[in-house]
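Here's the letter readout for the chains.
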Amino acid sequence: MKLTEQLQQALITKRFSMDEFSELLIRLMDYGVLSRDESQIETLLYDRFVQLEDLVLDYLSPLHVRIQHDTRFGFVRVFPPGAKVPGLPDDDNQPFAGGLRATLSQQEIAAVLVLRAEYDKALREGQVDDQGCVLLSLEGFGIAMRNLLNRSLPEKKTERTQLFRRIRQLRLIHFISSAEESTDDAWLKIRPSITSFVSEAALQQIRQDLPASDEDGAGEGGAVESTLFNRHEEAE
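Notes on the structure in this doc start here. (Residues numbered from 1 in each chain as written. Predicted model: local features only at pLDDT ≥ 70, side-chain atom pairs only at ≥ 80, totals over all residues. Heavy atoms only, no water.)

What follows deals with unusual backbone geometry. One non-glycine residue with positive phi stands out, namely N150, at about 55°. Relative to the assigned elements, N150 resides in the loop between α5 (138–149) and α6 (157–169). When its relative accessible area of 41% is taken as the criterion, N150 is described as partly exposed. The phi dihedral of R171 is positive, around 60°, even though this residue is not glycine. Among the secondary structure elements, R171 is positioned in the loop between α6 and β5 (173–175). Classification of R171 by relative accessible area gives buried; the value is 7%. (Helix = DSSP H or I, 4+ residues; strand = E, 2+ residues; numbered from the N terminus. Buried < 20%, exposed > 50% of the residue type's maximum accessible area, 1.4 Å probe, protein only.)

Let us look at the nonpolar core. Ranked by internal contacts, the top residues of the largest apolar core, which has 30 residues, are L115, F141, F164, I167, L188, I190 and I194. Among the secondary structure elements, those contributing two or more residues to this core are α4 (106–125), β4 (134–137), α5, α6, β5 and β6 (187–190). The contacts of L115, once residues within four sequence positions are left out, are L136, F141, I167, I173, L188, I190 and I194. Among the nonpolar cores identified, the runner-up in size contains 20 residues, and L25, L45, L55 and V65 belong to it. (Core = buried A, V, L, I, M, F, W, Y, C linked by side-chain atoms within 4.5 Å. Contact = heavy atoms within 4.5 Å.)

In this section: the sheet that holds β6. With respect to topology, three strands assemble into an open sheet ordered β4-β6-β5, the strand pairing being antiparallel. The sheet is open, and its two borders are formed by β4 and β5, each paired with just one other strand. Here the average twist between neighbouring strands, direction ignored, is 30°. Judged from the three bridges that link them, β5 and β6 form a sheet pairing that is antiparallel. Bridge assignment links I173 to a residue of β6, and that residue is I190. Strands β5 and β6 of the sheet are contacted by α6, whose axis makes an angle of about 120° with β5. (Pairing = 2+ DSSP bridges. Axes fitted to C-alpha atoms, helices over the stretch in contact; angles between N-to-C directions.)

Turning our eyes to something else, we now look at the sheet that holds strand β3 (residues 75–79). Read across the open sheet, the three strands follow the order β1-β3-β2; overall the sheet is antiparallel. Only two strands of the sheet have a single partner each, and these edge strands are β1 (33–35) and β2 (66–70). Between one strand axis and the next, the sheet turns through 10° on average, direction left out of account. In this structure, β1 lies alongside β3, joined through three bridges in antiparallel fashion. Looking at the pairing, L34 lines up with V76 of β3.

Given below as structure tokens:
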């Protein structure tokens with residue numbers, strides 16, 4: 001019996017069609033993440049994943065694609081072979097290319113690192129809501145960028161909008177106000193999935209670049225230049 005025939009029989013017992021299974025896989029592999037509270041379509045697909053999780057894992061296992069499913073906060077993230085995932089054992093299968101890896105610009109990397117640091121700070125202070133999210137103003141985000149990495153958010157509205165659209169596509173944040181994404185009075189929520197997207201090692205490097213007195217603020221000495229990007233920028 002062919003694999004597709006076995007899969008189709010298994011789907012019938014669960015009362016799903018092959019098209020519904022394909023739609024779930026295509027969305028998951030295309031976006032790399034499903035977050036139940038993002039939209040109606042992702043709510044539908046996430047609930048479908050919960051019912052078909054064993055089949056999805058079996059189907060992807062020959063590719064050594066790794067799936068992180070956080071049932072508490074309702075999200076699923078796909079990782080390429082060999083990726084180190086918090087909460088999952090290390091995989092010996094190293095990737096030969098970055099096909100499933102998110103390719104981020106330097107500005108996007110900086111923004112994600114700062115979001116991770118701000119989430120960790122709020123977590124230590126107990127400022128996390130019932131969904132595991134952390135509230136942060138856009139103005140506060142910009143200040144944190146300067147304090148932690150000595151970088152600024154893009155000044156042009158189009159570039160700033162593109163930056164936040166990319167981070168939203170990764171399901172790391174979502175906006176909770178009707179304000180434009182480029183205005184300082186906008187508010188965003190950092191999703192708990194940020195902890196699996198940015199490793200503790202990267203967060204620790206930010207801390208090492210900062211004096212102890214500046215970890216929670218700019219301090220008297222102002223912002224500190226991070227060394228996280230030095231090697232890459234010098235190579236360019």
